[in-house]
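What follows is each chain in one-letter form.
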Amino acid sequence: MNLINHWINGRPHEAVPERTGKVFDPATGNQSAEVAFASVADVDLAVGVAADAYPMWRDRSLAGRQRIMFAFRELLERHKDDVARLITAEHGKTLHDARGEVQRGLEVVEFACGLPQLLKGEFSENVSTSVDMYSIRQPLGVVTGITPFNFPAMVPLWMYPMAIAAGNTFVLKPSEKDPSPNMLAAELWERAGLPAGVFNVVHGDKVAVDRLLTHPDIEAVSFVGSTPIARYVQATAIEHRKRVQALAGAKNHMVVLPDADMELAADSAVSAGYGSAGERCMAISVVVSVGDAAEQLIPAIEKRISSLQVGPGMAEGSEIGPLVTAEHRDRVVGYVDLGVEEGATLLSDGRGFSVEGYEEGFFVGPTLFDDVSTSMKIYQHEIFGPVLCHLRADSYEEAIRIINDNAWGNGTAIFTNDGGAARKFQNEILVGMVGINVPIPVPLSFYSFGGWKDSLFGDHDIYGPDSIRFYTQVKTVIARWPDRIHRGVDLGFPQHG
Ligand code: NAD
C-alpha cells in the first residue's frame with residue numbers, strides 16, 4: 001500500500017510512522033493509500049526546521065521572494081491537471097470541478113506575486129522638526145494552516161502563498177482524507193527554488209493539530225473546517241498566545257422573490273446546491289421562496305434534478321461525484337431519514353443510489369426537501385451533501401429574518417429583478433458574502449473571503465488584503481538623525497513641533 005508521508009525540510013520524511021490512516025478512492029470505495037499520522041515529535045521536527053529557516057527567509061529580498069513566487073505560479077499552472085486528478089482521486093469531485101478548484105487557488109498565488117507592492121509601509125516626513133515616522137510590516141515567524149477535506153488544494157492555497165510571500169515559514173496540516181495534492185505542491189515549491197524548511201507538510205489528526213496549537217514557536221494559526229473544531233481551534237490558539245483565524249461551517253440561503261427570472265434561479269439553485277455533491281462551504285443548502293415564487297421555481301428545480309448525471313468524478317459527463325467517505329455518506333443519508341421523520345416533503349430521494357460498475361462507491365443522489373421549517377434539524381444542522389431544503393416565506397421581511405436568525409453567516413444570495421429589493425438585502429443581511437442573482441459569491445483573490453457569525457472565529461478574513469494584515473505585524477519607528485541643533489534635556493511632553 002502506497003504510504004503518503006510528511007514533507008519536512010524540502011523532502012519526503014523517511015521515518016516509518018507509528019500511526020497511519022486510510023485514504024480511499026470514493027468512486028470505487030477501495031482504499032488507495034495509507035497516510036502517516038504525525039506524532040508530537042514529528043510536529044516538533046517540522047516546526048523546528050521551519051523556525052531554523054525563518055531568519056534566512058525573512059531576510060530574503062522582496063525581489064528574490066517574488067521570483068520564487070512567479071516560478072511556483074508557472075509550475076502550478078503547468079501541473080494544474082495533475083493536481084486536479086489527485087483531488088478527484090481522493091475527494092471524489094468531478095475532474096471539471098477539481099480543475100476549477102486549482103484555478104481559484106492559482107489566483108491567490110498570482111495575487112501573492114505582487115508582494116513588493118502589498119508589503120509597503122507608510123512614511124511621514126517631519127512629524128516634528130527633523131523627525132520622521134514610518135511603519136513597516138514584518139512577518140510573524142512560523143505559521144500553520146489546518147485545512148478541511150472539501151477543497152484539498154484550494155484552501156491550503158488560500159493560506160501558504162500569502163504567508164510565505166510575507167516572509168513567514170509554514171507548516172501545513174491538510175485533511176487526512178485527501179492529503180496527496182499538497183505533496184505535489186511541496187514538490188513544486190522545491191522545484192521553484194523555495195529554500196528547504198520554508199514550506200512543510202505534516203499529516204495527521206487531533207494529535208498533530210493539538211501540538212501545532214500549543215507549540216511555543218508557532219505564531220499564527222489559519223484554520224478552515226467545521227464550526228465545533230473552529231471554535232476549539234480559536235480558543236486553544238488564543239490561550240497559547242497565537243494570532244488565529246478560524247473559518248467554519250455554513251448554511252447558505254438563497255432567497256427567490258416572485259419577480260425573479262425563474263429559469264436563472266432554478267439553474268442557480270441546482271448548480272449551487274448539488275455542485276461538488278454539496279460539499280462546499282459556499283454551497284446553497286436552503287432555498288427560501290417568497291410568496292408564490294415556489295409555484296414556478298419548484299417544478300423548474302425538479303425538472304433539472306431529474307437529468308443530473310451522478311457518477312465517478314473521473315468519468316466524462318459526470319456532474320455529481322461520490323461523497324468523500326462511507327461515514328460521510330452514511331451521515332448524509334441519516335439526515336435524509338431524519339428529514340422524513342421530521343415531516344418535510346421528500347420530492348427527490350438520493351438514498352440507496354447505485355452507479356453501475358461502481359456499486360461500492362460512496363454515492364448519494366440529488367435530494368430535495370420541500371415544506372422544511374426552521375425548527376427542523378435538517379434546517380439547523382450543516383448536512384454537507386447533495387441535499388437542498390426548500391422553505392416558504394410569506395413576505396420578503398420574513399425571508400430576511402429567517403437568514404438573520406440563522407447561526408451561520410457565510411454566503412447568501414437573492415434572486416430578483418428589483419434593484420431596490422436587492423439593495424435592501426445587501427444592506428440588512430447579516431452574512432459576510434452576498435450574491436445578487438449570483439448563487440455562490442466567492443470573492444476573487446484581490447478581495448478577502450470571510451463569513452460572519454458562526455462561520456468565522458477571528459478578526460481577519462482569508463487571502464487578499466486581509467491576509468497581508470494577518471501574516472504581518474506592524475512596527476512603527478520614529479527617527480531623528482542628530483544634526484548640529486541640540487535642544488538639551490527636556491523632561492516635559494513636546495508642546496509644539
Ligand atoms: P473538520 O473540522 O472535520 O476538519 C478540519 C481539519 O481539522 C482537518 O485538518 C482535521 O484533521 C482537523 N480536525 C478534525 N477533528 C479535529 C479535532 N477533534 N481536533 C483537532 N483537529 C481536528 O472539517 P472537514 O469535515 O474536513 O471539512 C468540512 C467543513 O469545513 C464543513 O463544515 C465546511 O463548511 C467547512 N469549510 C468551511 C470553509 C469556509 O471558508 N468557511 C471552507 C471549506 C470548508
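Placed above this text is the structure.
Note that the structure is predicted; figures quoted are calculated from it, not measured.

### Things to note about the site of the ligand
Then step 1. The ligand sits among 27 residues. The nearest are Lys-173, Glu-176, Ser-226, Ala-248 and Glu-382.
Then step 2. Within the backbone of Ala-248, an N or O atom sits 2.7 Å from a nitrogen atom of the ligand.
Then step 3. Considering the ligand on its own, with 840 Å² of exposed area, one finds that the protein chains cover 88% of that surface.
Then step 4. Of the residues belonging to the shell around the ligand, the class tally is 15 nonpolar, 8 polar and 4 charged.
Then step 5. When we break the shell around the ligand down by domain, the ones giving at least three residues each are domain 1 (3–248 + 455–477) and domain 2 (252–436).

### Quick word on the pattern of salt bridges
Then step 1. This model, assessed by the stated rule, comprises 26 salt bridges.
Then step 2. With a shortest N-O distance of 2.7 Å, Glu-110 and Arg-73 are connected by a salt bridge. Here Arg-73 lies in helix α2 (residues 62–78) and Glu-110 lies in helix α4 (residues 95–112), a separation of 37 residues in the sequence.
Then step 3. The exposure class assigned to Arg-73 is buried, which follows from its relative accessible area of 15%.
Then step 4. The partner of Arg-304 in a salt bridge is Glu-263, and the shortest N-O contact between them spans 2.8 Å. Pair noted here: Arg-304 is in helix α11 (residues 293–306) and Glu-263 is in helix α10 (residues 262–274), with a separation of 41 residues, a long-range link.
Then step 5. One network of salt bridges, in which partners are shared, links Arg-73, Glu-74, Glu-77, Lys-80 and Glu-110.

### Description of the packing of helix α6 (residues 154–165) against helix α7 (residues 180–192)
To describe two helices that pack against each other, one gives the angle between their axes and the distance between the axes.
Then step 1. Running from amino to carboxyl end, α6 crosses α7 at an angle of 25°, the nearest separation of the two axes being 12 Å. By the angle class used here, α6 and α7 are roughly parallel. Our pair here, α6 against α7, has a crossing hand that is right-handed. Of the residues in α7, those in contact with Pro-156, Tyr-160 and Ile-164 of α6 are Asn-182, Ala-185 and Trp-189.

### Describing the pairing of strand β8 (residues 142–146)
Then step 1. Extensive coverage of β8 is indicated by the burial of 5 of its 5 residues.
Then step 2. Here β8 shows two buried faces, one formed by Val-142, Thr-144 and Ile-146 and the other by Val-143 and Gly-145.
Then step 3. Bridge analysis of β8 against strand β9 (residues 169–173) gives 5 bridges, and the strand direction is parallel. Across the sheet, the residue bridging to Thr-144 is Val-171, located in β9.
Then step 4. What joins β8 to β9 is α6, and the crossover it makes is right-handed.
Then step 5. Note: β8 against strand β11 (residues 218–224), 5 bridges, orientation parallel. Bridged to Ile-146 within β11 is Phe-223.

### Structural notes on the sheet that holds strand β4 (residues 19–25)
Then step 1. In spatial order, the strands read β1-β5-β4; together these 3 strands make up an open sheet with mixed pairing. Edge positions in the open sheet fall to β1 (3–4) and β4, since each of these has one partner strand only.
Then step 2. Where β1 lies against strand β5 (residues 30–37), 2 bridges are found, and the strand directions are parallel. Counted as the bridge partner of Leu-3 is Glu-34 from β5.

### Re unusual backbone geometry
Then step 1. You will see that Asn-437, though not glycine, has its phi angle at about 60°, which is positive.
Then step 2. Within the element layout of this structure, Asn-437 appears in the loop between β20 (433–436) and β21 (452–453).
Then step 3. A positive phi angle is found at Tyr-463, which is not glycine, with a value near 45°.
Then step 4. With respect to the helices, strands and loops of the structure, Tyr-463 is situated in the loop between β22 (456–458) and α16 (464–470).

### Focus on the sheet that holds strand β19 (residues 411–415)
Then step 1. Taken together, the 7 strands give an open sheet; going across it, the order is β15-β16-β17-β14-β13-β19-β20, and neighbouring strands pair in mixed fashion. At either end of the open sheet lies a strand with only one pairing partner, and these are β15 (345–348) and β20. The sheet shows a mean angle of 20° between the axes of neighbouring strands, taken without regard to direction.
Then step 2. Pairing between β15 and strand β16 (residues 367–370): 3 bridges, direction antiparallel. Looking at the pairing, Leu-346 lines up with Phe-369 of β16.
Then step 3. Seen against the sheet, helix α15 (residues 419–428) touches β13 (252–256), β19 and β20 and runs at an angle of roughly 165° to β19.

### Some words on a nonpolar patch on the surface
Then step 1. Where nonpolar side chains cluster on the molecular surface, the patch consists of Val-127, Met-133 and Ile-478 and spans about 270 Å² of accessible area.
Then step 2. Tracing the backbone shows Ile-478 in strand β23 (residues 472–480).

### Focus on the side chain of Ser-285
Then step 1. Examined against the element boundaries, Ser-285 turns out to sit in strand β14 (residues 284–290).
Then step 2. In this view, Ser-285 contacts Lys-251, Asn-252, Val-387, Leu-388 and Cys-389; residues no more than four positions away in its chain are not counted.

### Here's the deal with the packing of aromatic side chains
Then step 1. All told, the structure shown has 15 aromatic pairs when counted by the stated rule.
Then step 2. With centroids separated by 5.1 Å and ring planes inclined at 75°, the aromatic side chains of Phe-470 and Tyr-471 adopt a geometry described as edge-to-face. Here Phe-470 matches Tyr-471 in class, with each residue buried.
Then step 3. An aromatic cluster of at least three residues, connected via ring pairs, comprises Phe-72, Tyr-160, Phe-170, Trp-189 and Phe-199.

### Some thoughts on the nonpolar core
Then step 1. In this structure, Trp-158, Tyr-160, Phe-170 and Phe-199 are the most contacted members of the largest nonpolar core, which totals 68 residues.
Then step 2. Of the residues forming this core, the biggest block, 10 residues, is contributed by α6.
Then step 3. There are two domains that each give this core at least three residues, and those are domain 1 (3–248 + 455–477) and domain 2 (252–436).
Then step 4. Apart from residues no more than four positions distant in its own chain, Tyr-160 is found in contact with Phe-72, Phe-170, Leu-172, Asn-182, Ala-185, Trp-189 and Phe-199.

### Quick look at the packing of α2 against α6
Then step 1. Where α2 meets α6, the closest approach of the two axes is 10 Å, and the angle between their N-to-C directions is 155°. It follows that α2 is roughly antiparallel to α6 by the angle criterion. Contacts between α2 and α6 involve Arg-65, Met-69, Phe-72 and Leu-76 from the first element and Leu-157, Tyr-160, Pro-161, Ile-164 and Ala-165 from the second.
Then step 2. Looking at the contact of α2 with α6 residue by residue, the class counts come to 8 nonpolar, no polar and 1 charged.

Conventions used here
- Residues numbered from 1 in each chain as written.
- Predicted model: local features only at pLDDT ≥ 70, side-chain atom pairs only at ≥ 80, totals over all residues.
- Heavy atoms only, no water.
- Near = heavy atom within 4 Å.
- Polar contact = N/O pair within 3.5 Å; in protein donor to acceptor, adjacent residues only side chain to side chain.
- Areas by Shrake-Rupley, 256 points an atom, 1.4 Å probe, with all protein chains shown as cover.
- Nonpolar A, V, L, I, M, F, W, Y, C, P; charged D, E, K, R; others polar.
- Domains from an automatic or database assignment.
- Salt bridge = Lys/Arg side-chain N within 4 Å of Asp/Glu carboxyl O.
- Helix = DSSP H or I, 4+ residues; strand = E, 2+ residues; numbered from the N terminus.
- Buried < 20%, exposed > 50% of the residue type's maximum accessible area, 1.4 Å probe, protein only.
- Axes fitted to C-alpha atoms, helices over the stretch in contact; angles between N-to-C directions.
- Parallel < 35°, antiparallel > 145°, perpendicular 65-115°, else oblique.
- Left-handed = near helix turned anticlockwise from the far one by under 90°.
- Contact = heavy atoms within 4.5 Å.
- Pairing = 2+ DSSP bridges.
- Right-handed = clockwise from strand over helix to strand, strands pointing away.
- Patch = residues over 30% accessible without salt bridge, like charges linked within 9 Å, V, L, I, M, F, W, Y side chains within 5 Å.
- Phe/Tyr/Trp six-rings, centres within 6.5 Å; stacked < 30°, edge-to-face > 60°.
- Core = buried A, V, L, I, M, F, W, Y, C linked by side-chain atoms within 4.5 Å.

Scope: geometric values only; no functional claims are made or implied.
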